[in-house]
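Survey of secondary and tertiary structure
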Amino acid sequence: MPLNEAQIDRYARHILLPEVGGAGQEKLLGSKVLIVGAGGLGSPAALYLAAAGVGTLGLVDFDAVEASNLQRQILFTAQEVGRPKAEVAAPKLRALNPDVQVVAHQQKLVEDNAEALLDGYDLVLDGSDNFPTRYLVNDVCVRLGLPNAFGSVLGFEGQAALFVPGGPCYRCVFPQAPPEGAVPSCAEAGVVGMVAGRVGAVQAAEAL
């Protein structure tokens, strides 16, 4: 669908780029990205993808906002502690960009629902914070032929990668999860908030 005048104005800095242009922006508006986890990685990624004009953003998160989240999860405020993350995030993303349809999946991603949740999206952005979910996201992406924009953070470090259909996947690089307790969580070892922001932004860039 051709861009209207308001959209040409909103996305002018994208349209000026030869690598994007009007056709690229139209493709973004027709695209669908599912974000797994609205936390330290998913928060900045969701904001950037909504601002960029990704037409449909799905958010999968079953957690509620906690005070300890606020140091890095920039979608949330102190007044929202105790409320479901997906419920809080969705209207903020819609307010940021009315062009974007936000679909809030307020549930835990598990084997029984993963394929149904991921099916229909063009790309999955994995902002999960545990190994079982990462491997589940990977395996379903492989089965459905979906790109997987992966990211993780701990302490002062982070990593990001884009796994595309036909190439190596997350399980190819890391065949097995480390033994339980071998790798501490951010809740146990800490994380610098801005590191999560940088990695989430890289994931958003890979998605675009």
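Heads up: the structure comes first, above all this text.
Residues numbered from 1 in each chain as written. Predicted model: local features only at pLDDT ≥ 70, side-chain atom pairs only at ≥ 80, totals over all residues. Heavy atoms only, no water.

To continue, consider the sheet that holds strand S3 (residues 101-105). Pairing between sheet strands relies on hydrogen bonds along the backbone, with the strands arranged either parallel or antiparallel. With mixed pairing, the six strands of this open sheet are ordered in space as S3-S2-S1-S4-S5-S6. Looking at strand neighbours, the two that pair on one side only are S3 and strand S6 (157-163), the edges of this open sheet. With strand direction ignored, the average angle separating the axes of adjacent strands in the sheet is 15°. Bridging between strand S1 (residues 32-36) and strand S4 (residues 123-126) involves four bridges; their strand directions are parallel. Within S4, the residue paired with Val 36 across the bridge is Asp 126. In the packing of helix H7 (residues 131-144) onto the sheet, contacts are made with S1, S4 and strand S5 (148-154), and the angle to S5 comes to roughly 170°. (Pairing = 2+ DSSP bridges. Helix = DSSP H or I, 4+ residues; strand = E, 2+ residues; numbered from the N terminus. Axes fitted to C-alpha atoms, helices over the stretch in contact; angles between N-to-C directions. Contact = heavy atoms within 4.5 Å.)

Turning next to the nonpolar core. Val 33, Ile 35, Leu 49, Leu 57 and Leu 125 are the most contacted members of the largest nonpolar core, which totals 25 residues. Put simply, the parts of the chain that give this core at least two residues each are S1, helix H4 (42-52), strand S2 (56-60), helix H5 (85-96), S4 and helix H10 (193-207). (Core = buried A, V, L, I, M, F, W, Y, C linked by side-chain atoms within 4.5 Å. Buried < 20%, exposed > 50% of the residue type's maximum accessible area, 1.4 Å probe, protein only.)

On to the side chain of Asp 126, then. You can see Asp 126 is positioned in strand S4. For the buried Asp 126, no salt bridge exists, and the shortest N-O distance to an oppositely charged side chain is 5.1 Å, to Arg 134. Residues within four places of Asp 126 in sequence aside, it is in contact with Val 36, Arg 134, Val 137, Asn 148, Ala 149, Phe 150, Gly 151 and Gln 203. (Lys, Arg positive; Asp, Glu negative; His and termini not counted. Salt bridge = Lys/Arg side-chain N within 4 Å of Asp/Glu carboxyl O.)

Okay, the pattern of salt bridges next. On inspection of all chains with the given rule, the structure shows five salt bridges. A salt bridge links Glu 80 to Lys 92; the shortest N-O distance between them is 2.9 Å. A residue pair is termed long-range when its members are at least 10 positions apart, and Glu 80 in the loop between S2 and H5 and Lys 92 in helix H5 qualify at 12 residues. Residue classification places Glu 80 among the buried residues on the basis of a relative accessible area of 11%. Residue Lys 92 is classed as partly exposed on the basis of its relative accessible area, which comes to 27%. For Glu 87, the salt bridge goes to Arg 83, with nearest N and O atoms at 3.3 Å. Owing to a relative accessible area of 37%, Arg 83 belongs among the partly exposed residues under this scheme. When salt bridges with common partners are traced through the structure, they connect Glu 111, Glu 115 and Arg 143 into a single cluster.

Here the focus is the pairing of S6. Within a regular beta strand, the side chains point alternately toward one face of the sheet and then the other, so they alternate between its two faces. Across seven bridges, S5 lies against S6 in antiparallel orientation. Paired with Ala 149 across the strands is Leu 162, a residue of S6. Taking the residues between adjacent antiparallel strands as the criterion, S5 and S6 are bridged by two residues, where Gly 155 takes a positive phi near 65°.

A few words on the packing of H4 against H10. Contact geometry of H4 with H10 gives a least axis separation of 7 Å together with a crossing angle of 40°. Taken together, the axes of H4 and H10 are oblique relative to one another. Remark: the crossing between H4 and H10 carries right-handed chirality. Of the residues in H10, those in contact with Pro 44, Ala 45, Tyr 48 and Leu 49 of H4 are Ala 196, Gly 197, Gly 200, Ala 201, Ala 204 and Ala 207. (Parallel < 35°, antiparallel > 145°, perpendicular 65-115°, else oblique. Left-handed = near helix turned anticlockwise from the far one by under 90°.)

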